[in-house]
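Topology and contacts: notes
Residues per chain, in single letters:
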Amino acid sequence: MIIFSNVSKIYENGSEALNNISFFIERGEFVFIVGPSGAGKSTLIKLLMHEEIATSGEVIINSVNVSALKQNQIPYLRRNMGVVFQDFRLLPKKTVYENVSFAMEIVGASRREIRRQVPNVLSLVGLSHKAKAFPTQLSGGEQQRVALARALVNNPSFLIADEPTGNLNPRTAQEIVELLDEINKRGTTVIMATHAKDIVDQMKKRVIAIEDGVIVRDEARGVYGYEN
Ligand code: ADP
């Protein structure tokens, strides 16, 4: 479970990205985070990832208060959380297989675990046949599937997706979201920040809308609610 309790974030230059927001997300939920540019969506995601720290309030992830986390506890948090971005962020000199296996090596998995688990996630994202390809040899949709495989390979309880379809055409975007839905149905909590109106409207999932650093809507089967 994720709890944001009266969380504010003011950057060093004084810009107030989040202003006293509170919500909780239960295990197994699928949540869209929407709102105009500059609303605070990326900041929210950075607080979840511990890339930024809240100025006040508490961010609690699986009973752990992230704001008070010691440096040596951060790898554990990260392991529990898969992240994908709009720009995929794959390692260009590594193959598909190596991009995914590297994420397991970093957390100290054994060779045997790696040999078993990497083919599993590549199969889940439909890319077993591309294991030896390099990122530049893949389409955008395929690259995002690799990023998803990498995010999932350590069996995280959360998958955080920051504009994961932002660089994809509508059809490919749709496929990626269907994959996220499938991943969610297998038990992973999915949190996706997005501007993809059509996708949000069609999926009928929980929608948390942020504007100017505050939550303006939190609906169980919500819609995007903005003109793009
Ligand atoms: P969104 O992801 O919804 O576009 P952000 O979380 O990126 O919104 O930004 C929220 C506000 O915080 C904006 O006013 C933005 O300019 C500001 N902001 C974001 N990151 C930083 C930063 N590193 N330093 C200073 N201000 C920032």
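Residues numbered from 1 in each chain as written. Predicted model: local features only at pLDDT ≥ 70, side-chain atom pairs only at ≥ 80, totals over all residues. Heavy atoms only, no water.

Considering the overall build of the protein
- When its secondary structure is counted, the protein shows seven helices and ten strands.
- For a compact globule of 228 residues, the expected C-alpha radius of gyration is about 17 Å, and the protein comes in at 17 Å, within 12% of that figure.
- Overall size of the protein, expressed as C-alpha extent along the three principal axes, is 45 × 40 × 35 Å.
- For the protein, with 228 residues in total, the buried portion stands at 51%.
- Total accessible area on the protein stands at roughly 11200 Å², and carbon and sulfur atoms take up 47% of it. (Helix = DSSP H or I, 4+ residues; strand = E, 2+ residues; numbered from the N terminus. Rg over C-alpha atoms; globule rule 2.2 N^0.38 Å. Buried < 20%, exposed > 50% of the residue type's maximum accessible area, 1.4 Å probe, protein only. Areas by Shrake-Rupley, 256 points an atom, 1.4 Å probe, with all protein chains shown as cover.)

Describing the pattern of salt bridges
- The tally for this structure, following the rule as stated, stands at eleven salt bridges.
- The partner of Glu175 in a salt bridge is Arg171, and the shortest N-O contact between them spans 3.9 Å. With a gap of four residues between them, Glu175 and Arg171 both fall in helix H6 (residues 170–185), about one helical turn apart.
- Looking at Glu175, the relative accessible area reads 32%, which means it is partly exposed.
- Residues joined in a network through salt bridges with shared partners are Glu29, Arg206 and Asp218. (Salt bridge = Lys/Arg side-chain N within 4 Å of Asp/Glu carboxyl O.)

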